[in-house]
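Descriptive analysis of the structure
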Amino acid sequence: MAAIDDTSDPGSPVRSAYPPLVEAAWLYRADQVCPEDLPMIAARALAIGMDTPTLCELAGLPRHADPRDIRDTFEQALEELGIILPDHHVARRYALRRLAAQFTAGEVDLAELASDEWSEIAVETAEEQAFVELLPPCACCIEYTLRLDEAAWKAQLQIAACALASHPSVGPRF
């Protein structure tokens, strides 16, 4: 599970079109947010004007609080704000598209893409399939699993990532 980055950073090439708490909800459902990061995400949401008693409570929780308490408080805060948690499968597809966008923007390097967590995702588009097929299970397996040199793999991956990032088929709806 990766920590959620601060997509509200003006220097970041990949800027979320969604409020930080909405994006966090989607990435949380995709298992891409560590529970210990949720209090800081809540604090950022308070700073931009979102406010409920439970959101304030969440922002005040320490990072080392019981993860179940953090999760329960986060989900209650989302409910109070009318933010609906998406289906896990749809959230995973959104996280995959976000990963492709981060890669094309240079925010994620090749080693960070190597993970077996994407091998079991149920893809629904040709763009998702092309990107997932190029993701190796680990960094040491690139040469063995893909039978490509690193430069050729990176070029193919960049093309697939651009195609996926430019065809957003899932994400929060307003």
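Residues numbered from 1 in each chain as written. Predicted model: local features only at pLDDT ≥ 70, side-chain atom pairs only at ≥ 80, totals over all residues. Heavy atoms only, no water.

Considering helix H7 (residues 126–133)
One turn of an α-helix holds 3.6 residues; hence residues three or four places apart share an orientation. Those residues of H7 not exposed but buried are Glu128, Phe131 and Val132. Summarising the axial view, the buried residues of H7 lie within an arc of 95 degrees, below the 170-degree limit, and thus occupy one face. When the buried face of H7 is taken as reference, the exposed residues oriented beyond 90 degrees from it are Ala126 and Glu133. On its buried face, H7 sits against helix H5 (88–104), helix H6 (110–113) and helix H9 (150–165). (Buried < 20%, exposed > 50% of the residue type's maximum accessible area, 1.4 Å probe, protein only. Helix = DSSP H or I, 4+ residues; strand = E, 2+ residues; numbered from the N terminus. Arc of directions from axis to C-beta. Contact = heavy atoms within 4.5 Å.)

Topic: the pattern of salt bridges
All chains considered together, the criterion is met by six salt bridges. Linking Arg98 and Glu23 is a salt bridge whose minimum nitrogen-to-oxygen distance equals 3.5 Å. On the criterion of sequence distance, the pair formed by Arg98 in helix H5 and Glu23 in helix H1 (residues 20–29) is long-range, its members being 75 residues apart. Owing to a relative accessible area of 2%, Glu23 belongs among the buried residues under this scheme. Put simply, Glu117 and Arg92 hold a salt bridge, and the shortest N to O gap is 3.2 Å. With a gap of 25 residues between them, Glu117 in the loop between H6 and H7 and Arg92 in helix H5 connect regions that are remote in the sequence. Taking relative accessible area as the criterion, Arg92 reaches 10% and is therefore assigned buried. (Salt bridge = Lys/Arg side-chain N within 4 Å of Asp/Glu carboxyl O.)

Topic: the environment of Phe103
Along the chain, the position of Phe103 falls in helix H5. Since its relative accessible area comes to 5%, Phe103 is described here as buried. Those residues in contact with Phe103 that sit more than four places away from it in its chain are Val108, Leu110, Leu113, Lys154, Leu157, Gln158 and Ala161.

Remarks on unusual backbone geometry
Positive phi is not limited to glycine here, since Asp31 has a value of about 60 degrees. Residue Asp31 is classed as partly exposed on the basis of its relative accessible area, which comes to 43%.

Here's the deal with the nonpolar core
Formed by 44 residues in total, the largest nonpolar core has its most connected members in Leu21, Leu38, Phe74, Leu96, Leu113, Phe131 and Leu157. Discounting chain neighbours no more than four positions away, the residues touching Leu96 are Trp118, Ile121, Glu128, Phe131, Val132, Leu135 and Leu164. (Core = buried A, V, L, I, M, F, W, Y, C linked by side-chain atoms within 4.5 Å.)

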